[in-house]
Amino acid sequence: MVETSRYKVLVSDPVSEEGVSLLREIADVDERPGLSPQELVKIIGQYDALLVRSGTQVTADVISAGKRLKVIGRAGVGVDNIDVAKATEGGILVVNAPEGNTISAAEHAMALMLALARNIPRASASVRENLWQRNKFLGVELYKKKLGIIGLGRIGSEVAKRARSFGMQILAYDPYISTEQVEKLGVTTATLDEIYEQADFITLHVPKTSSTNHMLGKAELAKMKEGVRIINCARGGLIDEKSLYEAIIGGKVGGAALDVFEGEPPKDNPLLQLDKVIGTPHLGASTQEAQVNVAVQVAEQIAHVFRGEPVHMAVNAPVLPPEVMAEVGSFIPLMHTMGSFHMQVFNERVERIEVIYSGEIASYPVTPLTTALLIGFLRFILKSNVNFVNAPLLAEQRGIKVNEMSSKSAAFFHNLITVKVFTGKKSYTIAGTLFEGNDIRIVQIGEYRIEVIPSRYMLVSRYYDKPGIIGKVGTILGKNSINIGNMQVGRRKDKGEAIMVLQVDHPVSESLIKEIEESGGIITTRFVEL
């Protein structure tokens, strides 16, 4: 084992003693909470590792001054307070603890669900006022009620397990989790509309992205079952709070329990004036156990770095060893691109992925390329850090099976990589290659042969192969000041259908996509951002 007693660790935010004790076994530890970035700059040069929570800002200046820094640990999930790009530039690992608060967050969601069902906060406040108003706080049982879980990742899955023990009937929406994993959890898959129409309780467990922002708005709330109760322990902004307020006042929504808000702390939020709303101050991870777990997990990762062992929770893990990069490194951007492109175009549940390597590439070690493909898939699905270390594990956790096949021959190409994704009885195919100069090309999308030059923003449309359709789409984009930089078309004459891929200069909004789809002759339209 490598001698590690020379290492020094600075802990600049309060963390559990268990995590600190673990670090003391392998290094000298200084605990100095409350340091400003300016103070950190003056002292960080003598430390090999920095352990923080959310209170410390690890700026570019701090990282530049950390001449000995090998690793920065975040005892928690988010790394917004760390300049990850600067750390990566300096070859410094950033590690976090994404799983340490899973149980605590799931239990808090259940606690809020029970509190909402039985009016516990109001009843407790009433007793404290020397009142005894049993009839006023008539509640409902969870038993045999339908629970809609939106997002069946780590926390959503734990909520499902606990809700089943209460005898609840569980409807789950997660388009990216396999049927096998759903069956293991004993839940029923459902569309969002089915959840809105049937669920007595709805709990949210998805990340906040452009597509999930205000995912529960006026239109969605209007579809819901009368008296539905809503729980949000995930992210503020998933619910349009103004629309939720109106739905509760109007009697459509029977109550809401919120641990997160659009603005935190929620100053003068009208929702908190309503008796049917329970609010807590972002307590999902606020348990003794969760604080211990995240501190210990990060301390373990720091110890792995010091010992030269593999790190499993790195936010910016090194891509691949130099010798592997020399052999297949040029194909890694292609694999990332194909994974992300596939998910954004087809956007279906992934149960099995089959990767076929044809041509010269079949003679090289291709497993790293398959992992790069998974990174492209999973970053879109999870909206969180995925790297070469954790991608295979994350795929396994979601029940995604991966098979590799090789063939020395590749018609028309020196190298061809074909990806088939299976979901139920359906399959979707995408294929790509590299041209001279390592230029990426997507040469097949579904049934269509095509030659796509990927760009940051693309619009992918399937349409009926008739005159005027392409011009109509171009006109709509032009009227909205969106320039088309390039275009490729693939056709299926036997079906009378075609596909066009437009490289555009700016993002295309959902409302504009809807306008294109309703313009006539368009089968589907997807916006892709790489």
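Above: the structure in question.
The shown structure was predicted, so the numbers you read here are calculated from the model rather than taken from an experiment. (Residues numbered from 1 in each chain as written. Predicted model: local features only at pLDDT ≥ 70, side-chain atom pairs only at ≥ 80, totals over all residues. Heavy atoms only, no water.)

Student: So, the packing of helix H5 (residues 102-118) against helix H7 (residues 154-165): which residues are in play, and what are the values?
Tutor: Contact pair H5 / H7: the axes reach a minimum separation of 8 Å and the direction vectors enclose 50 degrees. With respect to H7, the axis of H5 lies oblique. Once H5 is placed against H7, the crossing between them reads as right-handed. When H5 is examined against H7, the residues Thr102, Ile103, Ala105, Ala106, Glu107, Ala109 and Met110 are found in contact with a partner set consisting of Arg154, Ile155, Glu158, Val159, Arg162 and Ala163. Taken together, the residues of the contact of H5 with H7 sort by class into eight nonpolar, one polar and four charged. (Axes fitted to C-alpha atoms, helices over the stretch in contact; angles between N-to-C directions. Helix = DSSP H or I, 4+ residues; strand = E, 2+ residues; numbered from the N terminus. Parallel < 35°, antiparallel > 145°, perpendicular 65-115°, else oblique. Left-handed = near helix turned anticlockwise from the far one by under 90°. Contact = heavy atoms within 4.5 Å. Nonpolar A, V, L, I, M, F, W, Y, C, P; charged D, E, K, R; others polar.)

Student: Quick rundown of the pattern of salt bridges? Include the residues and the values.
Tutor: Where charged atoms of side chains with opposite charge meet at close range, the side chains can pair. Taken as a whole and assessed by the stated rule, the structure comprises 20 salt bridges. Across the pair lysine 184 and glutamate 180 runs a salt bridge, and its minimum N-O distance is 3.8 Å. Of this pair, lysine 184 and glutamate 180 both sit in helix H8 (residues 179-185), four residues apart, which is roughly one turn of the helix. When its relative accessible area of 59% is taken as the criterion, lysine 184 is described as exposed. Taking the relative accessible area as the measure of exposure, glutamate 180 reaches 35% and is therefore partly exposed. With a shortest N-O distance of 2.8 Å, arginine 491 and aspartate 465 are connected by a salt bridge. Taken together, the positions of arginine 491 in strand S20 (residues 484-492) and aspartate 465 in the loop between strand S19 (457-464) and helix H17 (469-479) put the pair 26 residues apart, joining distant regions of the chain. A cluster of three or more residues bridged by salt bridges with shared partners is formed by Asp48, Arg68 and Lys70. (Salt bridge = Lys/Arg side-chain N within 4 Å of Asp/Glu carboxyl O. Buried < 20%, exposed > 50% of the residue type's maximum accessible area, 1.4 Å probe, protein only.)

Student: Report on the sheet that holds strand S17 (residues 439-445), specifying residues and quantitative values.
Tutor: In spatial order, the strands read S14-S13-S15-S16-S17-S18; together these six strands make up an open sheet with mixed pairing. Both outer strands of the open sheet, strand S14 (401-407) and strand S18 (448-452), are each paired with one neighbouring strand and no more. The average undirected angle you get between the axes of adjacent strands in this sheet is 20 degrees. Of the strands in this sheet, strand S13 (352-359), strand S15 (415-423), strand S16 (426-435) and S17 are in contact with helix H14 (residues 332-346), which crosses S16 at around 145 degrees. Across the sheet, helix H15 (residues 367-382) touches S13, S14 and S15, and the angle it forms with S13 is around 135 degrees. (Pairing = 2+ DSSP bridges.)

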